[in-house]
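# Commentary on secondary and tertiary structure
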Amino acid sequence: MTAKSASTHVRLRPDERRTQLIGIGLRLLTTRPIHDLSIDEVAAEAGISRGLLFHYFPTKRDYYVAVVQAAAGRLLLHAEAPEAGTPTERVHGIVDGFVSFVRRRKANYVAVVRAGAGGDELVREVFEENRRTLTDRVLEAAGVGDPTPLHTLAVRGWLAMAEETAISATDEVVTTADLVDLLVGSLEQVMEQFTSRHH
């Protein structure tokens, strides 16, 4: 089936087409870095022409950034604190969502992290904004109402550790539930140390 016949066979609204194209990019990210994604391959899989893809995303870079933003947004949807509960329970909700998401989608998540560490300024900013949002959520859930730069630094460092352990851990080493408990406990220890030093 040609791209033209496929596109006439399935007519999508603009928002549906954008979602479809981003979804294809997210799936392809599991097999290659973001900048190795082929626009022609994405368009062909969607059943549209290359030119039509650029109607939705004016440049390759716009498309890459949209894919990374979608991946980051999916993580944030899962890594949310429950509205009620103790600080420990609320932090646990964030960590459980974060770790579960990363462990279920390791290949995709690593591909996005690799994109964030790459040379594109806009992609790096998406990655950085994601980390800032997670840091703020953890601090708020932990009951740190007026965080100092030291608090923020502590949580960012802890997040890096949480991310690495979620990526590297296997069930033979530690279950998701046990890893979440370990990470929540380690955050409480880190915050206690940083708070005592601050005072």
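Residues numbered from 1 in each chain as written. Predicted model: local features only at pLDDT ≥ 70, side-chain atom pairs only at ≥ 80, totals over all residues. Heavy atoms only, no water.

Named according to an unreviewed UniProt entry, the protein is TetR/AcrR family transcriptional regulator originating from Streptomyces siamensis.

### A word on the UniProt feature "DNA-binding region" (unreviewed entry) in the protein
Sites flagged by UniProt as "DNA-binding region" (unreviewed entry) map to residues 38–57. As a span, residues 38–57 carries 75% helix and 0% strand, and end to end its C-alpha atoms are 14 Å apart. (UniProt positions renumbered as here; feature names shortened; annotations may be inferred. Helix = DSSP H or I, 4+ residues; strand = E, 2+ residues; numbered from the N terminus.)

### Some details on the nonpolar core
By size, the foremost hydrophobic cluster in this structure holds 32 residues, and its most contacted members are Val 95, Phe 98, Val 99 and Tyr 109. Looking at this core, the elements that each hand over two or more residues are α5 (60–78), α6 (87–104), α7 (106–116), α8 (121–141), α9 (149–168) and α10 (176–198). If we ignore the near neighbours within four places in the chain, the residues touching Val 95 are Trp 158, Val 180, Leu 183 and Val 184. In this structure, Ile 48, Tyr 56, Val 65 and Val 126 belong to the second largest nonpolar core, which totals 28 residues. (Core = buried A, V, L, I, M, F, W, Y, C linked by side-chain atoms within 4.5 Å. Buried < 20%, exposed > 50% of the residue type's maximum accessible area, 1.4 Å probe, protein only. Contact = heavy atoms within 4.5 Å.)

### Some thoughts on α5
When the terminal C-alpha atoms of α5 are compared, their 28 Å separation across 19 residues agrees well with the 27 Å that a helix rising 1.5 Å per residue should span. If you check which residues of α5 are buried, you get Tyr 63, Tyr 64, Val 65, Ala 66, Val 67, Val 68, Ala 71, Ala 72, Leu 75 and Leu 76. (Expected span 1.5 Å × (residues − 1).)

### So, the environment of Arg 18
Among the secondary structure elements, Arg 18 is positioned in helix α2 (residues 14–28). Arg 18 gets classed as partly exposed once you look at its relative accessible area, which sits at 34%. On a C-alpha basis, the gap between Arg 18 and Leu 53 in space is 8.6 Å, while along the polypeptide they are 35 residues apart. Each residue touching Arg 18, except ones within four places of it in the same chain, is listed here: Tyr 56 and Phe 57.

### Describing the pattern of salt bridges
Enumeration according to the criterion identifies 12 salt bridges in this entry. Between Arg 156 and Glu 128 there is a salt bridge whose closest N-O contact spans 3.1 Å. Residue Arg 156 is found in helix α9, and its partner Glu 128 is found in helix α8; the two are separated by 28 residues along the sequence. Taking relative accessible area as the criterion, Arg 156 reaches 27% and is therefore assigned partly exposed. The shortest N-O distance in the salt bridge between Glu 129 and Arg 132 comes to 2.5 Å. Separated by 3 residues within a single helix, Glu 129 and Arg 132 lie in helix α8, roughly one turn from each other. According to the relative accessible area criterion, Arg 132 is partly exposed, its value standing at 31%. Each of Glu 125, Glu 128, Glu 129, Arg 132 and Arg 156 takes part in salt bridges that share partners, so that together they form one network. (Salt bridge = Lys/Arg side-chain N within 4 Å of Asp/Glu carboxyl O.)

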